[in-house]
Amino acid sequence: LDKKIIMPLSEIILVIMGLLTVSMIAAAICSHVPIPYTVFLVILGIFLGSLARHHYELNFLLDFQLSPDLVLFLFLPVLIFESAINLDARSMMKDIFPILVLAIPALIISTTIIGLGLWFLQDFNIIYALVFGALISATDPVAVIALFKELGAPSRLTTLIEGESLLNDATAIVLFNILLGISVWQQFGVFDFYVAVLEFLRVFFGGLFIGVIMALITSELLFRIKANISAYLIMSIVLAYSSFSFAEHIMHVSGVMAVVSSAITLGLVSVTRIPQKEKEAVDETWDVLSLVCNSLLFLLIGLSTDISLLISHADTIFISILLVLIARAIGVYGLVPTTIRFFNLPKVSMHERHIMWWGALKGGLAIAIVLSIPESMPERETLIYITLGVVMFSLLVNAPTIKILMNKLG
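Values in this document were obtained by computation on a predicted structure and should not be read as measured data.

K.L.:
Give a description of the overall build of the chain that names residues and reports values.
P.N.:
Helix and strand counts for the chain come out as 18 helices and zero strands. The C-alpha atoms of the chain give a radius of gyration of 21 Å, which matches the 22 Å a tight globule of 410 residues would have. Looking at the chain residue by residue over its 410 residues, the buried ones come to 54%. Residue pairs in contact within the chain that sit at least 24 positions apart in sequence constitute 82% of those at least 6 positions apart.

This is the structure:
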């Protein structure tokens, strides 16, 4: 799982099986208590982590720390592909303008507000503060979609938040990488601004293009070989991982965007080519794969969290949470209604906007991005604990109360 682990492979497998067993017991408990499954897993992870820190015989659990590669290359392709292939692309296209506004301009505005706020209130280095603003501004599709499925949210609201969360994490990663590059050079001029904008467009739309092409090739191949359900399923898994790795590592464009576009394209093209019964079986299999990754990811988020270190950064975490909520409010209450009016789309009610504001959860993606900051960066450790703090607030305060808010708002 991580370079620090020196366990034999057999023990690693045993521990992973143990964690999955714990998560399934947690799922059974969750059906009887009013706590979202992912939130319960984080609490459980924190509890297991604190036990491991105080009992030597459980120390091996602390070796299972989240690493950026683990999240980006193992969990993320499955979780994003599963969300995107089940996404109603036609409904998404009806609301594509508010989704794109939330995913790009709103995220850039949020990054600026959080960055300037930390710089002004906490005397952070401005570039490091903006780096944090970029990585924390994305709504995590994993956390949001898992919760909305559980709560049975209205379809348009689900499409808006799901579409936004799938696109804005790609935006966040691209913006984060550009800002991280600037932090290395410690200078930024007008010419650099134009270069950054062009780089953003290249990475974002390059990923989208690669995903579409790879999905069309895969779909045509499956059609030509008259593929059965097993071949379709295996090739969809191949597409999820290969589109991410090919885009990210070989073409140096957005891997997340490649996965999103490949899944939506495969869903649109292949849905007309395979029987409904087989499509349902494929969806169910992806649900299981997603459940496995979700369960391990949220347990590992809990295991990676040392409460005592979080408390030592409490003041900065508190200010960061306030800035994140303010920045989100500007996007949801300002940009969304303006876009709806401009394009003459059906209204998004004030109640729905409240859910969009409070339901913008943070999760494993933010932690993966912050862990990928080079160890040479001076503020790295502080940024890691602030990110963990905001994610913890999101999962332990926003997530459990969103159901209450939805019921209250009808």
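K.L.:
Please give an account of unusual backbone geometry that cites residues and values.
P.N.:
For aspartate 123, which is not glycine, the phi torsion reads 55 degrees and is therefore positive. Tracing the sequence through the fold places aspartate 123 in the loop between α6 (105-122) and α7 (126-137). Owing to a relative accessible area of 70%, aspartate 123 belongs among the exposed residues under this scheme. Phi at histidine 252 is positive, roughly 55 degrees, even though this residue is not glycine. Turning to its location among the elements, histidine 252 is positioned in the loop between α11 (229-250) and α12 (255-270).

K.L.:
Pulling in residues and values, what's your account of the environment of valine 174?
P.N.:
Note that valine 174 resides in helix α9 (residues 155-185). In this structure, the C-alpha to C-alpha distance between valine 174 and arginine 224, residues 50 residues apart in sequence, is 36 Å. Apart from residues lying up to four places away in sequence, valine 174 is in contact with Phe200, Val203 and Ser254.

K.L.:
Break down the packing of aromatic side chains for me, with residues and values.
P.N.:
By the definition in use, this model includes nine aromatic pairs. On the numbers, 5.9 Å between centres and 15 degrees between planes, the contact of phenylalanine 200 with phenylalanine 204 is stacked. In this pair, phenylalanine 200 and phenylalanine 204 both sit in helix α10 (residues 190-224), four residues apart, roughly one turn of the helix. Here the two residues phenylalanine 200 and phenylalanine 204 agree in accessibility, since each one is buried.

K.L.:
Lay out the packing of helix α5 (residues 96-103) against α6 in plain terms, naming residues and giving numbers.
P.N.:
Two numbers describe how α5 lies on α6: the axes approach to 3 Å, and their chain directions differ by 25 degrees. One element, α5, and the other, α6, form an angle in the roughly parallel class. Of the residues in α6, those touching α5 at Leu100, Val101, Leu102 and Ala103 are Pro105, Ala106 and Leu107. Split by residue class, the contact of α5 with α6 holds seven nonpolar, no polar and no charged.

K.L.:
Account for a nonpolar patch on the surface, with residues named and values stated.
P.N.:
Judged by side-chain polarity, Phe193, Tyr194, Val197, Leu198, Leu201, Phe205 and Leu208 come together as a nonpolar surface patch covering roughly 670 Å² of accessible area. Relative to the helices and strands, leucine 201 is located in helix α10. On the basis of relative accessibility, which here comes to 39%, the residue leucine 201 falls in the partly exposed class.

K.L.:
How would you sum up the state of the cysteines? Please name residues and give values.
P.N.:
Taken as a whole, this structure holds zero disulfides when the rule is applied. The thiol sulfur of cysteine 293 is not disulfide-bonded, and the nearest other cysteine sulfur, from cysteine 30, lies at 18 Å. According to the relative accessible area criterion, cysteine 293 is buried, its value standing at 10%.

K.L.:
Before we move on, could you go through helix α2 (residues 37-54) and cite the residues and values that matter?
P.N.:
Three- or four-residue spacings in an α-helix give side chains the same orientation, since the helix completes a turn every 3.6 residues. Under the 1.5 Å per step criterion, the end-to-end length of α2 is 26 Å for 18 residues, consistent within 8% with the ideal 26 Å. Residues Tyr37, Thr38, Val39, Phe40, Leu41, Val42, Gly45, Ile46, Leu48, Gly49 and Ala52 constitute the buried set of α2.

The rules we used
- Along each chain, residues carry numbers from 1 onward, in the same order as the chain's sequence is written.
- Totals for whole chains, interfaces and linings use all residues, but because this is a predicted model, local features are given only for residues with pLDDT of at least 70 and pairs of side-chain atoms are given and counted only at 80 or more.
- Only hydrogens and water are removed before side-chain values are computed, so all heavy atoms of the structure are retained for them.
- The numbering of helices and of strands both runs from the N terminus, where a helix is a DSSP run of H or I of at least 4 residues and a strand a run of E of at least 2.
- With C-alpha atoms as the basis for the radius of gyration, the globule rule is written as 2.2 Å multiplied by the number of residues raised to the power 0.38.
- Whether a residue is buried, partly exposed or exposed follows from its accessible area with a 1.4 Å probe, protein chains only, as a fraction of its type maximum: under 20%, in between, or over 50%, in that order.
- Contact definition: two residues touch when any of their heavy atoms are within 4.5 Å.
- In this scheme Phe, Tyr and Trp rings, the latter by its six-membered ring, pair at centre separations within 6.5 Å, and the angle between planes marks the pair as stacked below 30 degrees, edge-to-face above 60, and tilted otherwise.
- Axis angles are defined between N-to-C directions and span 0 to 180 degrees, where every axis is a line fitted to C-alpha atoms and, for a helix, only to the segment in contact.
- Orientation labels follow simple angle bins: below 35 degrees gives roughly parallel, above 145 gives roughly antiparallel, 65 to 115 gives roughly perpendicular, and whatever is left gives oblique.
- Lys, Arg, Asp and Glu make up the charged group, whereas Ala, Val, Leu, Ile, Met, Phe, Trp, Tyr, Cys and Pro make up the nonpolar group; the residues left over, Gly among them, are polar.
- Like-charged residues within 9 Å of one another, or nonpolar side chains (Val, Leu, Ile, Met, Phe, Trp, Tyr) within 5 Å, are grouped into patches, provided each residue has over 30% relative accessible area and no salt bridge.
- Computed by Shrake-Rupley with a 1.4 Å probe, the accessible areas treat only the displayed protein chains as cover when residues are assessed.
- Salt bridge, as applied in this entry: a Lys or Arg side-chain nitrogen positioned within 4 Å of an Asp or Glu carboxyl oxygen.
- Cysteine sulfur atoms that pair up within 2.5 Å are treated as a disulfide.
- Helix span is expected to be 1.5 Å times the residue number reduced by one.

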